[in-house]
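Chain and residue survey
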Amino acid sequence: MSTKLNSRIPEGPVAEKWTKHKGTIPLVSPANKRRIDVIVVGTGLAGSSAAASLAELGYNVKAFCFQDSPRRAHSIAAQGGINAAKNYQNDGDSVFRLFYDTIKGGDYRSREANVHRLAEVSTSIIDQCVAQGVPFARDYGGLLDNRSFGGVQVSRTFYAKGQTGQQLLLGAYSALERQVAKGRVKMYARHEMVDLVVVKGKARGIIARNLVTGELERHSAHAVIVASGGYGNVFYLSTNAMGSNVTAAWKAHKKGAFFANPCFTQIHPTCIPVNGETQSKLTLMSESLRNDGRIWVPASLEDAKAIREGRLKAIDLSEEQRDYYLERRYPAFGNLVPRDVASRAAKERCDAGYGVNKTGEAVYLDFAAAIVRYGQEQANLKGMHQATESEIVALGTKVVASKYGNLFQMYEKITDENPYTAPMKIYPAVHYTMGGLWVDYNLMSTVPGLFVAGEANFSDHGANRLGASALMQGLADGYFVLPYTVGTFLADDISTGPISTDLPEFAEAESASRARLEGFLNSKGSVPVEVFHRRLGRIVWDNIGMARSEMGLKKAIAAIRALREEFYRDVKVLGGMYEMNPELDKANRVADFLELGELMALDALAREESCGGHFRDEHQSEEGEALRRDEEFAFVSAWEFTDGDPGKATLHKEELVFENIKLVTRSYK
Amino acid sequence: MNLTLKVWRQKNAKETGSFATYQVRDISPDMSFLEMMDVLNEQLISQGTESVVFDHDCREGICGMCSMFINGEAHGPDRGVTTCQLHMRKFKDGDTITVEPWRAKAFPVVRDLMVDRSSFDRIIQAGGFISVNTMGNLPDANATPIEKHDADAAFDAATCIGCGACVATCKNASAMLFVSAKVSQFALLPQGQVEAADRVRNMVNQMDLEGFGNCTNTGACEVECPKGISIENIARMNREYLKASLIS
Ligand SMILES: Cc1cc2nc3c(=O)[nH]c(=O)nc-3n(C[C@H](O)[C@H](O)[C@H](O)COP(=O)(O)OP(=O)(O)OC[C@H]3O[C@@H](n4cnc5c(N)ncnc54)[C@H](O)[C@@H]3O)c2cc1C
């Protein structure tokens, strides 16, 4: 292990580590907490829950988000659900099983101790949310309902129709607003962190831009928590919200926080395909659709071509003319293989020329068989033994509508096609980033006093995240981990007194930020920011997407460096510094994506194996399956920003030790 | 298609604003309304004109950021969608489209089409929560069964995205639909009972302080609500308010 990395994993058996550790963390008395300030950047599930909980404990909290209200953080968009090892369905779930599934799902690239803690606290999350009034789905007996999600064998996912993220976030938001009302949290909405301030080696504040007035503000604290979400928008098109960005995390990285596993990104298999150049974002179609939909492409290249050219329709093809490629390649799991496997298989078919929309990047997700199956079932139940085909289809359509009605409607609104009568077209899209700032067991980064929570850290999902586990992790970090672990750092600060914003470190950070922003405004270029973002996204998607090769990655590095240069030379940002200026904010974000992209390529290049969402063409079996190389690569890559150049980052390795779970090859055949 | 846009431009809260007229060409019917605005903005920047400022984030109808008043309707002509989910196929080649910000005293314009809705946050601060701290030893989530019907109704009320279309649509700029959705969610759940009287009183009080208007039962808010929040919630809130005044 690198000498600079100390993961601070407590001693003892994995199931006892957290309880023991909690018992030994130094406590800060209530009177002393009042003398300690904490900054929380981000008000998604991780940030809101952390800010509310820390304020309840007595710390003075300042919370920041760039939206107009903390309630609008990107967590609001999560659809499917949140996992917890409650075992309410009595189907054999347990803390150990959730722990095991998460490690395995992550393709053995996460830390056992962290993941076990996550599984342990998962049950408290549900109790907490219910007490706050989160209206989870219930059964007719009035008890909480669960569904199975993401190909696991138990039903441990709690949900609120297709709006689980919204309901959980509104719960955390109301807890936060309650503390705002009490004066325990000062909320800074429409504020963007543009730099981290490090004083004598410790994170002591941030520089934030007031997005309404354009002023740069200095905010000090004894500790800073970054909960700014994931960096999927480096791909330009993703299922993330438009404003999601890496700036807070990246600025921290440049001030000394190591960035872990940047190349581990998740591409979700079922999204609505790209339809044109002006598209601004991609929309997820919930994973649950794969429970009933069958995925296929035409078996012959001629038919695929005819479909693309509009000379043929999906329904014209007979069963023999179709290739249900997931069922063919993975007979045991079929359409329910994990996300990374399903995504790659779709890409393989489309690359080979079998894509079914005008861009050639789409496959079918077909409900016709499910409609007939359900229809027949209904007809039997109703005793309609002579039911005609159309009667059966009508009955089956009703069943499918009751299960997926809102998703089908969303699909129809966007594509103007009726998915009940013609198969949906889907394609993989960027969805989640497992990589993020490196943190130790206490969720502290390599900069003392800088903690990182939620999607912004790298902690729990290894090389591939399981469905419904991001919401769990965000709330675990904020409600149940940070409130304890910040004590490991803050206990030494009870007599520090307020941190002055007049310190030279604040002045330096502020003037550097100002110079940087003014640089964009003064650039005499001619190209809008959006154009650079789009071009970067294309490079990253083509070369650091679902499949990566040495040649492609080297090409990407050169292309990104060239694009970065061009950006600083040729970007055009209108308007002024001291006003609401979203173009300027966007330039600042895209500039950071242009650096992150290069680090992702470096990381992907260094990881000479295929694992989870990271697939290297050079490392696959003869049947095209991923080849993990545990002997050499069972480590976390933690990159240190070096020499002011993302391309010169230094790699540190945190070896992963598996004491409780045996490493095996994932197989879905 | 080619369109004429009449867009409200206003530099900041202090200055007065006015409409500017722009042309956009070759708009595909598959674009969302906001993607059409992106095209306009790229075009404006290339011509050296500052882009039109508007709130937007998730672009899938759930964050509640986008807030445009399009041809006199909150979130435009389609029903049950936010502006980001409105597609250009709802318009015809040659159309003139008028785009304005939400108009309400309690929602001052920040810039162009962007308004300040922090009054909604302050209403939540007044009582839109259940007073429970983060604790590891709360009662088990299944300790109190909740009748499915009530749980579903609470959920329906809780799906409000806080966009403010109800206020923008109401001729009195009333926030009753927004406030009543939150009051209803908690009124329907056992967890919300303890603080029910204070909650409704404080939230209604804050709503009045913020300068929202009265409800005169036109029902326009329900029609324009992208999430179909029902005005039954307003009736429920009125009952809760009455109950609370009887107690005090
Ligand atoms: C469409 C979709 C569906 C999903 N569905 C599920 C699901 O069903 N189950 C599941 O478990 N996960 C799901 N996920 C993943 C999950 O939603 C996210 O990983 C999670 O919500 C991230 O939460 P967070 O608190 O870390 O960050 P976010 O919710 O992204 O919040 C980030 C916060 O940081 C703020 N911020 C960012 N940068 C700055 C800055 N520079 N200055 C100030 N503030 C800043 C933002 O304003 C925001 O408040 C889904 C994701 C998507 C995209």
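Please read these numbers as outputs of a predicted model, since none were measured by experiment. One numbering rule holds for all chains: residues counted from 1, following each sequence as written. To label them, take the chains in the order written and letter them from A, then take the ligands in the order written and number them from 1. Per-residue local features of the predicted model are confined to residues with pLDDT of at least 70, and side-chain atom pairs are confined, for both listing and counting, to 80 or more; whole-chain, interface and lining totals are unaffected and use all residues. Heavy atoms from the whole structure form the basis of all side-chain values; hydrogens and water molecules are not counted.

In terms of regular secondary structure, chain A is built from 18 helices and 21 strands. The C-alpha atoms of chain A give a radius of gyration of 25 Å, which matches the 26 Å a tight globule of 669 residues would have. For chain A, the spread of C-alpha atoms along the principal axes amounts to about 85 × 60 × 50 Å. In chain A, which comprises 669 residues, the proportion classed as buried is 65%. Contact definition: two residues touch when any of their heavy atoms are within 4.5 Å. Put simply, of all contacts in chain A between residues at least 6 apart along the chain, 74% involve residues at least 24 apart. In short, Shrake-Rupley with a 1.4 Å probe defines the accessible areas, and a residue's cover is counted only from the protein chains shown. For chain A, the exposed surface amounts to about 22,800 Å²; the carbon and sulfur share of it is 51%. Charged residues are defined narrowly, with Lys and Arg counted positive, Asp and Glu counted negative, and His plus the chain ends left uncounted. Charge positions are represented by NZ for Lys, CZ for Arg, CG for Asp and CD for Glu. Distance between charge centres in chain A, computed from 80 positive and 81 negative side chains, equals 3 Å. Runs of E in the DSSP output that reach at least two residues are strands. Runs of H or I that reach at least four are helices, and both are numbered from the N terminus. With C-alpha atoms as the basis for the radius of gyration, the globule rule is written as 2.2 Å multiplied by the number of residues raised to the power 0.38. Exposure is judged per residue with a 1.4 Å probe applied to protein chains only, and the accessible area is read against the type maximum: over 50% gives exposed, under 20% gives buried, and values in between give partly exposed.

Turning our attention to helix α16 (residues 550-570) of chain A. All names here are of chain A. Given the number of residues in a helix, its expected span is that number minus one, multiplied by 1.5 Å. With 21 residues, α16 extends 30 Å between its outermost C-alpha atoms, agreeing within 8% with the 30 Å of an ideal straight helix rising 1.5 Å per residue. Restricting attention to buried positions, one finds in α16 the residues G552, L553, A556, I557, I560, L563, R564 and F567. Down the axis of α16, the smallest arc covering the buried residues is 140°, so these residues share one side. Among the exposed residues of α16, those pointing more than 90 degrees away from its buried face are M551, K555, E565 and R569. Elements in contact with the buried residues of α16: α14 (504-522), α15 (529-543), β19 (571-572), α17 (582-606) and β21 (645-655). Throughout, the arc means that of the directions going from the helix axis to the C-beta atoms.

With that settled, the discussion passes to the domain arrangement of chain A. Residues and elements named next belong to chain A. Just so you know, the domain bounds were taken from an automatic or database domain assignment. Splitting chain A by domain gives domain 1 (17-210 + 225-266 + 431-493), domain 2 (271-428) and domain 3 (502-649). Distance from the C-alpha centre of domain 2 to the C-alpha centre of domain 3: 35 Å. Contact residues are listed per partner, giving 10 residues for domain 2 and 12 residues for domain 3. Buried area, as used here, totals the accessible surface that two parts lose on assembly, with accessibility defined by a 1.4 Å probe and the loss added over both. Interface area for domain 2 against domain 3, summed over the two sides, is near 820 Å², with a carbon-plus-sulfur share of 54%. Any Lys or Arg side-chain nitrogen found within 4 Å of a carboxyl oxygen on Asp or Glu counts as a salt bridge. Across the domain 2-domain 3 interface, the total number found is 1 salt bridge. For E625, the salt bridge goes to R329, with nearest N and O atoms at 3.3 Å. Counted as a polar contact is a pair of N or O atoms within 3.5 Å, where, for protein atoms, one must be capable of donating a hydrogen and the other of accepting one, and residues adjacent in sequence contribute only when both atoms are in side chains. Applying the counting rule to domain 2 against domain 3 returns 3 residue pairs in polar contact (both at pLDDT 80 or more). Sorting the residues of the side of domain 2 that touches domain 3 by element identifies α10 (339-354) and β15 (424-433) as the ones contributing at least two each. Considering every element that reaches the side of domain 2 that touches domain 3, the biggest residue donor is α10, with 4 residues. Per-class residue counts for the side of domain 2 that touches domain 3 are 3 nonpolar, 1 polar and 6 charged. Each residue is assigned to one of three groups, with Ala, Val, Leu, Ile, Met, Phe, Trp, Tyr, Cys and Pro labelled nonpolar, Asp, Glu, Lys and Arg labelled charged, and all others, Gly among them, labelled polar.

A word on the interface of chain B and chain A. Of the residues lining the interface, 71 residues belong to chain B; the matching set on chain A comes to 75 residues. Summing both sides of the interface, chain B and chain A together bury roughly 6,000 Å²; the carbon and sulfur share of this comes to 52%. For the pair chain B and chain A, the number of links is 10 salt bridges. For B:R89, the salt bridge identified is with A:D416, shortest N-O distance 3.6 Å. The interface formed by chain B and chain A includes 44 residue pairs in polar contact (both at pLDDT 80 or more). Listing elements by their share of the side of chain B that touches chain A, those giving two or more residues are α1 (33-46), β6 (109-111), β7 (114-115), α2 (118-127), α3 (148-158) and α5 (176-187) of chain B. The residue makeup of the side of chain B that touches chain A, split by class, is 33 nonpolar, 19 polar and 19 charged.

In this section: the domain arrangement of chain B. Residue and element names in this part refer to chain B. Under the domain assignment, chain B is made up of domain 1 (3-110) and domain 2 (117-247). On a C-alpha basis, the centroid separation for the pair domain 1 and domain 2 is 29 Å. Across the domain 1 to domain 2 interface the summed buried area is about 1,500 Å²; carbon plus sulfur atoms make up 57%. At the surface where domain 1 touches domain 2, the tally comes to 2 salt bridges. With a shortest N-O distance of 3.6 Å, R79 and E224 are connected by a salt bridge. Counting across the interface, domain 1 meets domain 2 through 5 residue pairs in polar contact (both at pLDDT 80 or more).

Residue and element names in this part refer to chain A. By secondary structure assignment, the location of P262 is in the loop between β10 (259-260) and β11 (265-271). Of the residues examined, P262 reaches a relative accessible area of 0% and is grouped as buried. Residues contacting P262, with those up to four places away along its chain left out, are Y231, L599, M600, D603 and W639.

Throughout, the term near means that a residue has one or more heavy atoms lying within 4 Å of the molecule or strand in question. Near the ligand lie 39 residues; those nearest to it are A:Q67, A:S75, A:G80, A:M193 and A:E455. More than a single chain frames the ligand: its nearby residues are located in chains A and B. A distance of 2.6 Å is found between an oxygen atom of the ligand and a side-chain nitrogen or oxygen belonging to A:E455. Between the ligand and A:S469, the relevant distance is 3.2 Å, taken from an oxygen atom to a main-chain nitrogen or oxygen of the residue. Contact with the protein chains hides 98% of the accessible area of the ligand, taken as 1,000 Å² for the molecule alone. Elements that contribute at least two residues to the shell around the ligand include exactly α3 (45-57), β6 (191-199), β15 and α13 (470-490) of chain A. At 3 residues, the largest contribution of residues to the shell around the ligand is made by β6(A). The class makeup of the residues in the shell around the ligand is 17 nonpolar, 18 polar and 4 charged.

Below, the discussion takes up the packing of α5(B) against helix α6 (residues 196-209) of chain B. Residue and element names in this part refer to chain B. Axis definition: a line fitted to C-alpha atoms, limited for helices to the stretch in contact. Angles are taken between N-to-C directions and run from 0 to 180 degrees. Interhelical geometry of α5 versus α6 gives an angle of 165° and a closest axis separation of 11 Å. Relative to α6, α5 is oriented roughly antiparallel. Taken as a pair, α5 and α6 cross one another with a handedness that is right-handed. Contact residues: M176, V179, K182, V183 and F186 in α5; R199, V200, M203 and M207 in α6. When the residues that make up the contact of α5 with α6 are grouped by side-chain class, the tally is 7 nonpolar, no polar and 2 charged. Should an angle lie under 35 degrees it is considered roughly parallel, over 145 roughly antiparallel, and from 65 to 115 roughly perpendicular; all remaining angles are considered oblique. Here a crossing is called left-handed whenever its near helix is offset anticlockwise from the far helix by less than a right angle, and right-handed whenever the offset is clockwise.

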